[in-house]
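# Architecture and fold: a report
Residues per chain are reported as follows:
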Amino acid sequence: MNDKHMLDPDDPTGARDVRDSLLEAVSPVALSPERADALKQRLLSRVRASRAAGADFIHVRLDEGEWGRLVPGVRVKRLCGDARSVLLELQPGAAIPFHRHHQDEECVVLRGEAQLGDITVRVGDYHLARSGSRHGVVRSSGGALLYLRGTPIGHGMEVARDVISALLPGRGQVPFTVHRDEGEWTERQPGVRLKLLHDDGRQRALLLSLAPGARADFRDPPLDSECLVIEGEAFAGDRLLRTGDYQFAPDGVSQPPFSSDVGGLLFVRSASRPAV
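Residues numbered from 1 in each chain as written. Predicted model: local features only at pLDDT ≥ 70, side-chain atom pairs only at ≥ 80, totals over all residues. Heavy atoms only, no water.

## Observations regarding the overall build of the protein
Within the protein, the regular secondary structure consists of 3 helices and 22 strands. Counting every position in the protein, which comprises 276 residues, the buried fraction comes to 39%. The long-range fraction of contacts in the protein, counting pairs at least 24 apart against all pairs at least 6 apart in sequence, stands at 66%. (Helix = DSSP H or I, 4+ residues; strand = E, 2+ residues; numbered from the N terminus. Buried < 20%, exposed > 50% of the residue type's maximum accessible area, 1.4 Å probe, protein only. Contact = heavy atoms within 4.5 Å.)

## Things to note about the environment of Asp 181
Take Asp 181: it is sitting in the loop between strand E13 (176–178) and strand E14 (186–189). Under the relative-accessibility criterion, Asp 181 is labelled exposed at 72%. Counting along the chain gives 56 residues from Asp 181 to Asp 125, while the straight-line C-alpha distance between them is 8.4 Å.

## Looking at the nonpolar core
By size, the foremost hydrophobic cluster in this structure holds 20 residues, and its most contacted members are Tyr 126, Tyr 147, Leu 197, Tyr 246 and Phe 267. Those elements that provide at least two residues to this core are strand E3 (74–80), strand E7 (105–116), strand E9 (126–129), strand E12 (144–149), strand E16 (203–210), strand E18 (224–236), strand E20 (246–254) and strand E22 (264–271). Among all residues touching Phe 267, those that are not within four sequence positions of it are Glu 106, Val 108, Tyr 126, Tyr 147, Leu 197, Ala 205, Leu 206, Leu 207, Glu 226, Cys 227, Leu 228 and Ile 230. Counting residues in hydrophobic clusters, the runner-up holds 18 residues, among them Cys 107, Ala 114, Leu 146 and Ile 153. (Core = buried A, V, L, I, M, F, W, Y, C linked by side-chain atoms within 4.5 Å.)

## Comments concerning the side chain of Arg 269
By secondary structure assignment, the location of Arg 269 is in strand E22. Polar side-chain contacts of Arg 269 include one of 3.3 Å to the side chain of Gln 203. (Polar contact = N/O pair within 3.5 Å; in protein donor to acceptor, adjacent residues only side chain to side chain.)

## Considering a nonpolar patch on the surface
On the surface, a nonpolar cluster with roughly 290 Å² of combined accessible area is contributed by Val 29, Leu 31 and Leu 39. The residue Leu 39 is located in helix H2 (residues 33–53) in this model. (Patch = residues over 30% accessible without salt bridge, like charges linked within 9 Å, V, L, I, M, F, W, Y side chains within 5 Å. Areas by Shrake-Rupley, 256 points an atom, 1.4 Å probe, with all protein chains shown as cover. Salt bridge = Lys/Arg side-chain N within 4 Å of Asp/Glu carboxyl O.)

## Considering the pairing of strand E15 (residues 192–199)
In this structure, E14 lies alongside E15, joined through 3 bridges in antiparallel fashion. Its bridge partner being in E15, Gln 189 is matched across the sheet by Val 192. Remark: 2 residues form the turn of the hairpin made by E14 and E15, two consecutive strands paired antiparallel; Gly 191 in that turn has positive phi of roughly 75°. Across 7 bridges, the pairing between E15 and E16 is antiparallel. The partner of Leu 194 across the bridge, within E16, is Leu 208. Connecting E15 to the antiparallel partner E16 that follows it, the hairpin turn spans 3 residues, and Gly 201 within it adopts a positive phi of roughly 90°. (Pairing = 2+ DSSP bridges.)

## Some remarks on the packing of aromatic side chains
Applying the stated criterion to the full structure yields 3 aromatic pairs. Centroid distance Tyr 147 to Phe 267: 5.7 Å. Interplanar angle 55°. Geometry classified as tilted. Residue Tyr 147 is found in strand E12, and its partner Phe 267 is found in strand E22; the two are separated by 120 residues along the sequence. When its relative accessible area of 1% is taken as the criterion, Tyr 147 is described as buried. (Phe/Tyr/Trp six-rings, centres within 6.5 Å; stacked < 30°, edge-to-face > 60°.)

## Observations regarding the pattern of salt bridges
For the structure shown, the criterion picks out 9 salt bridges. Two residues, Glu 89 and Arg 111, come together in a salt bridge whose shortest N-O distance is 2.6 Å. Taken together, the positions of Glu 89 in strand E4 (residues 85–90) and Arg 111 in strand E7 put the pair 22 residues apart, joining distant regions of the chain. Its relative accessible area of 39% is what places Arg 111 among the partly exposed residues. One salt bridge connects Asp 200 with Arg 202, and the closest N-O pair in it is separated by 3.2 Å. Salt bridges linked by common partners bring Arg 75, Glu 89 and Arg 111 together as one network.

## Digging into the pairing of E7
With 9 of its 12 residues buried, E7 lies for the most part within the structure. Alignment of E7 against E12, held across 6 bridges, turns out to be antiparallel. Paired with Val 109 across the two strands is Leu 146, which belongs to E12. Bridge count for E7 against strand E8 (residues 119–122) is 4 bridges, and the pairing is antiparallel. Residue pairing across strands places Gln 115 opposite Thr 120, the latter belonging to E8. Taking the residues that link successive antiparallel strands as the turn, the E7-E8 hairpin has 2 residues, and the phi of Gly 117 there is positive, at about 65°. Inspection of the sheet shows E7 paired to strand E11 (residues 138–139) by 2 bridges, in the antiparallel sense.

These values are about where atoms sit, not about what they do.
Structure representation (structure tokens):
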């Protein structure tokens, strides 16, 4: 068979060829100066409105911000000091010494896998270390990127306290882990699913799954506090968030509607509401 007539395995119906032919046949439409200027002004107005709507938020993209060295092979980037939220990156073979927690610390895996003591967590897994509990060595054989909330990292004296107090007897409460393939999903809107991870009566942690083309508009109840993209992409209002991007909403400011063209998985913390 002539190569020209062979089917493209990535486009067996030939739809791509039809689309390309149609695009080549389309002639550009010349706009009048008045029409072109009106469209420009509408676009600029929307940009200004979008910027104003996001002025109260803290945004940190994965490729932005400053990374600092924690221990050999481990670096950290602070996201929001008030929430004590950080990204922690472990190079292959790197480890963090065992330590004790003096407040609840949450962990979500964005890349790779890590061993938290005798527990292994992978992308999309959630881990909660209770206040008073003691963690074994945190390590990663192949490298990992973790999100931590409630960590003393960045507060030197508190980090030293956590390491030294781990020498004292007592393990405290057992850590709580929800693996990605565990737990129940609730469909809230078409293509929008929620999975509750933890709720202490004040704050709740959940996963938000968006199918391609889905839109999540949580006006009742609203989603506030913070979100982090674990996989895929999502729009928070007009702002595009990609894997590893973080957004924090101060008290009294609710997250805008979420949507996704390609699908996405987000970790969200918000004020406690009735059960999802």
